[in-house]
Amino acid sequence: MIPELGHYALVLAFGLALVQAIVPIIGARSRDATLMGVAAPTALAQFGFVAFSFAALAASYVVSDFSVLNVFENSHSMMPLIYKLTSTWGNHEGSMLLWVLILSLFGAMVAVFGRNLPASLKANVLGVQAWIAAAFYLFILMTSNPFMRIAQPPLEGRDLNPILQDMGLAIHPPMLYLGYVGFSITFSFAMAALIEGRIDAAWARWVRPWALAAWMFLTLGISMGSYWAYYELGWGGWWFWDPVENASLMPWIAGTALLHSAVVMEKRDALKVWTVLLAILTFSLSLIGTFLVRSGVLTSVHTFASDPSRGIFILAILTVFIGGALALFAWRASLLRQGGLFAPISREGALVFNNLFLTTACATVFVGTLYPLALDALTGEKISVGAPFFNATFAPLFLPLLLAAPFGPLLAWKRGDLYGAAQRLMWAAGAGLVVVAATFAIMHGGPVLAPFGMGLALYVILGALTDIAERTALWRAPWRTSLQRARGLPRSVWGTAFAHAGLGVCLIGIVCESSWNTERIAALKPGATVDISSYQLTFDGVTQRAGPNYRELLAKFSVRHAGQAETIAVLEPAKRNFPSRNSSTTEAALMTRGVSQLYVSLGEPNEDGSISVRIYHKPFVLLIWLGTLVMVFGGGLSLSDRRLRVGAPKPAKAKRSIEKPSLQPAE
Amino acid sequence: MTLWMAFLLMTAAAVFAVLWPLSRRRDAVQADPSDVVVYRDQLEEIARDRAAGRIAETEAEAARVEVSRRLIAAADASEPISSKPVGPAGLWRRRIAAVAVLVALPVGCGALYLAFGSPQLPAQPLAARMEPQPAGQQPVAELVTRVEGHLERNPDDGQGWEVVAPVYLRLGRYADAVRARQNALRLLGASAAREADLGEALVAAGNGVITADAKAAFDRALARDAKDVKARYFIGLAAEQDGRRDDAAKIWSALAADAPSDAPWLGFVRQALARVGGTVPAPAESPNTNMAAPAAPGPSAADVAAAKDMSETDRNEMIRGMVARLADRLRTEPADLEGWLRLLRAYMVLGQREKAMEAADDARRAFAAEPDKLRRIDELVKGLGLAG
């Protein structure tokens, strides 16, 4: 009975989404408060039904109800409970259900927290949100129904893809979806503004926190996905410029740009049209990501089942929403009120700079990802656009961004003092140069650019902290005063500093990992010893072990410091074999010392009794992910700052009044 | 019934979620507050920031001026929205919306669900299905799956393979049967019986044909025990399939002669023997010859197994072949009443009415001297609608 209730709840959610997509919009057009009032309760009910539906599917997984086709195909009665639960979204159908669950969750949140939104804006936002939801409900019901049944259920399921039997599945997809789908709210806000032909002041207040929340989740989702790939795929790599990764990176970059332009809009009433466009683009890129991953255009661990009918359906959704949104933008954007004015050198100017480079970087990723696919589709020619392309295009675009990031917070709103900001950043830049020199001196060797990368990273971190130091009058005032001031600083200021510093932390990790990573690949017999970095690994032999639904070949390595007898760690990398899927996974073993890691991954056993082993020493590798966590922490600080954001403009001084004619219109 | 009640309640909840806000009267005319409210909040925020010392007085003043300017513009622009229907048109809109939701939501959702859903299927959590059920009520398939689960975990359990093999054979899963027999053979060690069992599975998997593999298995069985019944029977069958009917007859005769009189398979061997035209040796010590006599030479187990996997045309072909064999045999030894009767029915099933009439005439000729047998033939002819 439970699966059928879940199925019917999903159908009801679809019905309610249709109501929500039509009635409030008519209400907003005819300015009828009663019809507009339908939006919020419907959104809540819709969320309730999807949540019930999702819970029903999850329950079917937990009790191994193989009469549900989806459960039969992706679960196994012997799996640990946590994996039974996570397999709910470890497959195409279930993950689409999670997608709409989060979509309706965001709708419900607008309904609950949006009390102070203008009624017509709220009605339109929820209406647009329901269009998206209705399209995806239909997609799920027609092509990807997770509640299909088997009349004569088998007694055992086909098991979850072994690579997905990991804690990563509990974190990565929900986070990523919260990010992807979170941008649907900013999209709905943008569409509502275009439908109404005006942008309320409340609009700006709302878009920033939503964009920020979605951005935080997306950052976490991508970061955790990267770490998961790092330890699960056994290659020791953390980013492959794989199209699927790029599909998530593109909305992230666009979302980062949106976040920054939304700040300008909220604080300064400027960049409105641009923000609307970014909001549309960000969610469009999320949809494109969904399409790339779910249509079978790409084959990867994310492609659960490629089915042309699904691809065409998603392509249709994509075309209607992106095309419709851009058409609406072209038609209605001119109605939106122009915003405030600012000088090119100002906080606003710095954020425009940020937006410019971020969108360009996003465009290069877009081209690098889609060009090979388009070429393949049109001419059948297969080319591979990999790391070299992205390193040659993406990195130079990020360089000015990183150089400029510390400047932004130091510039005043409306008109800034570039020279003054540069002066204040001298310390950070100086420290960066010292690090460049020191790195050259210590490492002699390695890529030439690596020391500069380290210097740049330190400059970014210190530059971010310079803003805090300035505001608290650190060094200039007594300690106590500075501390007091630091406490008094708005959390949003701390948030900016943390987010920017996180970027630097991440960069250190990236530079170190890619420059001073050491690698040994060897075929080892028991008793053999390998030296790597300052460690010595002894291969003690292999054992067999049985897990709940797999058998594993476990190799034991004892790790010592080179030249010492004491074992500091025992590493047990494994190869797991899952008979129910007839496939195997590689479980890398990691030893963490500080933020560096020793990484051991097993290859195939050879006929002469030896086993192929890949061993890496990755200095500072954890900083890559810790940096993103710092960024997310910064985002969280800023989000928790419930104050209204008002950017106090720098008043025009008498001597500056001559510059006034040179002020640029915002758009 | 509870399922439909639940559906009804859920539908009611969904409809209520829409009708409730539609039925509510919104409080009087309210000005669209948002812009003005936001700017007023911003002014308060500036005052707070100034008080907390976060911004300097000059900056605060500049911000105040800007926000106030926007506030004035917003206050001028805001227009009221009404909750009362704007004339009869508005009332109609609400009514249409209410009726549409009341009707379309349940009907549409019901139709959509019935198109995709399977309300007749109960949930089947594994734990509930695994609870022991009264013997005989558990479907064979579930038992098999359970044994398979056991073998999955204990693939070295030879007894388990031996138990499941004949079940596979009965279920028509011949390839699995072969695998199970091979595993049992490997794990429990070779014996005449196991080799013969493997051969039998191979024959079934080969659509009833004694393949080289199967023949080798029977030969191995006989090497271990020259008296093994199953192996001898199939070796005989192999001879028959090779067209060496005399050899087959010889093998089966020997088999029948060795058999204890109450062997359950004796009838089977006699049928086979009769098929190749061998003489049935009377078991000397048999007290009850009638019982031992073959009731009717039916198709062999292997034949049936073969027929199962065949396409319709192949199966008809095979039946035709069997009928032709029967007809041949009756020509040489016409004293078999049951044989004639079976041939008559077979021709009718195959739609060969002419041949059925001929066969009826032949049968009457063969039993011309025995009126009671003639009567049975006439009865059947009448029953089949051949007479007249």
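These numbers come from a predicted model, not from an experiment.

A. Local environment of the packing of aromatic side chains. Residue and element names in this part refer to chain A. Scanning all chains against the criterion turns up 35 aromatic pairs over all chains. Pairing Phe353 with Phe357 gives two aromatic rings, centres 4.6 Å apart and planes at 45°, and the pair type is tilted. Taken together, the residues span about one helical turn, with Phe353 and Phe357 both in helix α13 (residues 347-379) at a distance of four residues. The exposure class of Phe357 is partly exposed, given its relative accessible area of 21%. Through a chain of ring-to-ring contacts, three or more aromatic side chains come together here, namely Tyr227, Tyr230, Tyr231, Tyr599, Tyr616 and Trp625.

B. Expanded view of helix α10 (residues 243-268) of chain A. Between its first and last C-alpha, α10 of chain A extends 37 Å over 26 residues, near the 38 Å set by a 1.5 Å rise per residue. Among the 26 residues of α10 of chain A, 24 are classified as buried, and the element is accordingly described as predominantly covered.

C. Quick look at the interface of chain B and chain A. Each side of the interface is counted separately: chain B has 68 residues, and chain A has 70 residues. Taken over both partners, the interface formed by chain B and chain A buries close to 5700 Å², and the fraction arising from carbon and sulfur atoms is 66%. A salt bridge links Asp32 of chain A to Arg94 of chain B, with the nearest nitrogen and oxygen atoms 2.9 Å apart. Listed by contribution, the elements that provide at least two residues to the side of chain B that touches chain A are α1 (2-23), α2 (34-52), α3 (57-77), β2 (80-81), α4 (87-116), α5 (126-130) and α6 (140-153) of chain B. At 13 residues, the largest contribution of residues to the side of chain B that touches chain A is made by α1 of chain B. Residues that form the side of chain B that touches chain A fall into these classes: 36 nonpolar, 13 polar and 19 charged.

D. Broad picture of the packing of α10 of chain A against α13 of chain A. Residue and element names in this part refer to chain A. Running from amino to carboxyl end, α10 crosses α13 at an angle of 160°, the nearest separation of the two axes being 9 Å. One way to sum up the angle between α10 and α13 is to call them roughly antiparallel. By crossing handedness, the relation of α10 to α13 is classed as left-handed. The segment α10 lies against α13, with Pro243, Asn246, Leu249, Met250, Ile253, Ala254, Thr256, Ala257, His260, Ser261, Val264 and Arg268 engaging Glu348, Leu351, Asn354, Asn355, Leu358, Cys362, Val365, Phe366 and Thr369. Each residue belonging to the contact of α10 with α13 can be placed in one class, and the counts come to twelve nonpolar, seven polar and two charged.

E. Seen up close, the environment of Ser640 of chain A. All names here are of chain A. Here Ser640 is to be found in helix α21 (residues 622-640). On a C-alpha basis, the gap between Ser640 and Thr86 in space is 30 Å, while along the polypeptide they are 554 residues apart. In this structure the side chain of Ser640 is engaged in a polar contact, spanning 2.7 Å, whose partner is the backbone oxygen of Leu637.

F. Examining the pairing of strand β8 (residues 583-587) of chain A more closely. Residues and elements named next belong to chain A. Direction of pairing for strand β7 (residues 574-578) relative to β8: antiparallel, over a ladder of five bridges. Along β8, the bridge assignment pairs Asn577 with Ser584. From the end of β7 to the start of β8, which pair antiparallel, there are four residues, and Asn582 there has a positive phi angle of about 55°.

G. Molecular detail of α1 of chain B. Over its 22 residues, α1 of chain B runs 30 Å from end to end, which matches the ideal 32 Å to within 8%, given 1.5 Å per residue. Of all bends in α1 of chain B, the biggest is about 30°, found at Phe16 of chain B.

H. Inspection of the packing of helix α3 (residues 39-62) of chain A against α1 of chain B at higher detail. Look at α3 of chain A against α1 of chain B: their axes get within 8 Å of each other, and the N-to-C directions meet at 160°. As the angle between them shows, α3 of chain A and α1 of chain B are arranged roughly antiparallel. Regarding α3 of chain A and α1 of chain B, the two cross each other, and that crossing is right-handed. Here Pro41, Thr42, Ala45, Phe49 and Phe52 of chain A of α3 of chain A come into contact with α1 of chain B, specifically with Met10, Ala13, Ala14, Ala17, Val18, Trp20 and Pro21 of chain B. When the residues that make up the contact of α3 of chain A with α1 of chain B are grouped by side-chain class, the tally is eleven nonpolar, one polar and no charged.

I. Expanded view of the pattern of salt bridges. Taken as a whole and judged by the stated rule, the model has 43 salt bridges over all chains. Linking Arg268 of chain A and Glu66 of chain B is a salt bridge whose minimum nitrogen-to-oxygen distance equals 2.6 Å. Note that Arg268 of chain A is positioned in helix α10 and Glu66 of chain B in helix α3, a pairing that runs across two chains. Side by side, Arg268 of chain A and Glu66 of chain B carry an identical accessibility label, which is buried. One network of salt bridges, in which partners are shared, links Arg268, Asp269, Lys272, Glu348 and Lys414 of chain A together with Glu66 and Arg70 of chain B.

J. Local environment of the pairing of strand β6 (residues 567-571) of chain A. All names here are of chain A. Two elements, strand β5 (residues 551-561) and β6, share four bridges in a ladder whose sense is antiparallel. Residue pairing for β6: Arg560 is matched across the bridge by Thr567. Linking β5 back to β6 in an antiparallel pair, the connection comprises five residues, with Gly563 at a positive phi of about 85°.

Calculation notes
Residues numbered from 1 in each chain as written. Chains lettered and ligands numbered in written order. Predicted model: local features only at pLDDT ≥ 70, side-chain atom pairs only at ≥ 80, totals over all residues. Heavy atoms only, no water. Phe/Tyr/Trp six-rings, centres within 6.5 Å; stacked < 30°, edge-to-face > 60°. Helix = DSSP H or I, 4+ residues; strand = E, 2+ residues; numbered from the N terminus. Buried < 20%, exposed > 50% of the residue type's maximum accessible area, 1.4 Å probe, protein only. Expected span 1.5 Å × (residues − 1). Contact = heavy atoms within 4.5 Å. Buried area = accessible area lost by both parts, 1.4 Å probe. Salt bridge = Lys/Arg side-chain N within 4 Å of Asp/Glu carboxyl O. Nonpolar A, V, L, I, M, F, W, Y, C, P; charged D, E, K, R; others polar. Axes fitted to C-alpha atoms, helices over the stretch in contact; angles between N-to-C directions. Parallel < 35°, antiparallel > 145°, perpendicular 65-115°, else oblique. Left-handed = near helix turned anticlockwise from the far one by under 90°. Polar contact = N/O pair within 3.5 Å; in protein donor to acceptor, adjacent residues only side chain to side chain. Pairing = 2+ DSSP bridges. Bend = angle between axes of the 7 residues up to and from the residue.

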